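Residues per chain are reported as follows:
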Amino acid sequence: MSIPTAVHVRVSFNFIFPGYLITFIFFILFYKFTNNLEHLIKVIFVTCAGCGIYSLMASLAGGGADRRLFFSTTFDPNDLAYFTLVFLPLNLFFITRSNGIFIRLSALIFIVAGLVLIFLTQSRGGFVALVVSLIILFFWSKKISKSIKIALLVIGAFIISVAPVNFERFSTLMSIEDDYNLTSPTGRIEIWKTGLRMMIDNPLTGVGVGNFARAIGYERQEIGSGPARWQSPHNSLIEVGTEAGFIALGLYLYLSFNALRIFVRGRNQTREPVLSRICEFLVIGFVGMFTAAMFLSQAFSIYWVFYIALSAAINQMLQRQSKEKVTQRVLSS
């Protein structure tokens, strides 16, 4: 709906066709074929392995600039941390004794590689999201034993002690009043304010998907407010609301919180203990990903859609379990 009224119609059209259409097809295929627990476990392991291998290669072969890790042109350091956080908690499912030694060892390596990568990127948003994930893991999770939690703490402490991490950057989180994101006209706070203003000015369809940077550049040129830089929103909610309007933002929030609700319901209500463990780790992963996305332009990323597709697949499994339970009651009566 945002295409006809977009700041640049062709940009929005190309964003959706064929760009986001591919993501939509992925969702449909995921929902159709990931329809049982065996398929779900295989898909999650493949994604964890893909992310783990990428994290390992990035940690070993990545280069540095300003003491931050860069690897290829696919992700900047902040995006690297986000990408890692999406899949990192899911590895916890595969380190339990119910899995083979190869899978357990692989999952452990992927966890270590992911933690190293997050620290080396020195992404402050990624660090905050990691802390949030760890708080949920240690104070809410019931599927991970105390021994594994202690082992994770030891691994984290070891990584911090040996990895070449610039903790000065992380320490700025304790005194952000002088941070450029608060004081600079091109910092995140000013970008978010501009995004909210454009959202209010274009409440129904926004400025067009994929057009935030162009819209903010045009506005700066028109009103003469600071340099005419084209910048990303650096916040997924601002991105959705500004580019596609309030209705789209409402749908985005609904899908996100509904996914979280399904994961929590699966963790608490399913009769299948394996599915219950998976759902708990999905809660940790989704909250970590969503937290990191508050500092990045990742609203339309495949990784958010991946979690929404997981929630849809799990929901159909829970519905099937509920129908089977009702059928058993009827037959027994």
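Higher on the page you've got the structure.
Summarised in this report is the structure supplied together with it. The shown structure was predicted, so the numbers you read here are calculated from the model rather than taken from an experiment.

Looking at the overall build of the protein chain
- Scanning the protein chain for helices and strands turns up 13 helices and 2 strands.
- For the protein chain, the C-alpha radius of gyration of 21 Å lies close to 20 Å, the compact-globule estimate for 333 residues.
- Projected onto its principal axes, the C-alpha coordinates of the protein chain cover approximately 70 × 55 × 30 Å.
- With 333 residues in all, the protein chain has 50% of them scored as buried.

Remarks on unusual backbone geometry
- In this model, Phe17 is joined to Pro18 through a cis peptide bond whose omega is 0°.
- Considering the arrangement of structural elements, one finds Pro18 in helix H1 (residues 9–33).
- Of note, the phi angle at Gln122 is positive, near 55°, even though the residue is not glycine.
- One can find Gln122 in the loop between helix H4 (101–121) and helix H5 (124–139).

Structural notes on the pattern of salt bridges
- The full count for this structure, using the stated rule, is 5 salt bridges.
- Where Glu190 meets Lys193, a salt bridge forms, and the shortest distance between an N and an O atom there is 3.7 Å. You can see Glu190 and its partner Lys193 sitting in helix H9 (residues 188–201), 3 residues apart, about one turn around the helix.
- Residue class for Glu190 comes out partly exposed when judged on its relative accessible area of 29%.
- Close ionic contact of Arg267 with Glu280 constitutes a salt bridge, the shortest N to O distance being 2.9 Å.

A few points about a nonpolar patch on the surface
- Taken together, the side chains of Phe13, Phe17, Leu21, Phe24, Ile25, Ile28, Leu29 and Phe33 make up a nonpolar region of the molecular surface, amounting to roughly 760 Å² of accessible area.
- Of the residues examined, Ile25 reaches a relative accessible area of 42% and is grouped as partly exposed.

Here's the deal with empty space enclosed by the protein
- Throughout the structure, instances matching the rule amount to 1 cavity of 30 Å³ or more.
- For the largest cavity, the calculated volume is near 40 Å³.
- Along its surface, the largest cavity is lined by Cys48, Cys51, Gly52, Ser55, Thr84, Phe87, Leu88, Asn91, Phe110 and Gly114.
- Elements represented by at least two residues in the lining of the largest cavity include exactly helix H2 (37–61), helix H3 (77–87) and H4.
- No other element matches H2, which puts 4 residues into the lining of the largest cavity.
- Of the residues that constitute the lining of the largest cavity, the class distribution is 5 nonpolar, 5 polar and no charged.

Focus: the packing of H1 against helix H13 (residues 302–332)
- Contact pair H1 / H13: the axes reach a minimum separation of 9 Å and the direction vectors enclose 25°. Between H1 and H13, the crossing angle belongs to the class labelled roughly parallel. Between H1 and H13 lies a crossing whose hand is right-handed. Residues Tyr20, Thr23, Phe26, Phe27, Phe30 and Tyr31 of H1 touch H13, and the partners they reach there are Ile302, Val305, Phe306, Ile308, Ala309, Leu310, Ala312, Ala313 and Gln316.
- A breakdown of the residues in the contact of H1 with H13 according to their chemical character gives 13 nonpolar, 2 polar and no charged.

Brief notes about the nonpolar core
- Within the largest apolar cluster, 87 residues are counted, with the highest numbers of intra-cluster contacts made by Leu90, Phe263, Tyr307, Leu310 and Ile314.
- Per-element tally for this core: the top contributor is helix H12 (residues 273–293), with 13 residues.
- Excluding anything up to four places from it in sequence, Leu310 contacts Phe30, Leu40, Ile44, Phe263 and Leu282.

The rules behind each value
Residues numbered from 1 in each chain as written. Predicted model: local features only at pLDDT ≥ 70, side-chain atom pairs only at ≥ 80, totals over all residues. Heavy atoms only, no water. Helix = DSSP H or I, 4+ residues; strand = E, 2+ residues; numbered from the N terminus. Rg over C-alpha atoms; globule rule 2.2 N^0.38 Å. Buried < 20%, exposed > 50% of the residue type's maximum accessible area, 1.4 Å probe, protein only. Salt bridge = Lys/Arg side-chain N within 4 Å of Asp/Glu carboxyl O. Patch = residues over 30% accessible without salt bridge, like charges linked within 9 Å, V, L, I, M, F, W, Y side chains within 5 Å. Areas by Shrake-Rupley, 256 points an atom, 1.4 Å probe, with all protein chains shown as cover. 1 Å grid on protein atoms, 1.4 Å probe; cavity = no way out; pocket = protein on both sides within 12 Å on 5 of 7 lines; lining within 4 Å. Points joined across faces, edges and corners; volume = space filled by probe spheres on them. Nonpolar A, V, L, I, M, F, W, Y, C, P; charged D, E, K, R; others polar. Axes fitted to C-alpha atoms, helices over the stretch in contact; angles between N-to-C directions. Parallel < 35°, antiparallel > 145°, perpendicular 65-115°, else oblique. Left-handed = near helix turned anticlockwise from the far one by under 90°. Contact = heavy atoms within 4.5 Å. Core = buried A, V, L, I, M, F, W, Y, C linked by side-chain atoms within 4.5 Å.

So, to be careful, I would describe these as geometric facts and stop short of saying anything about function.
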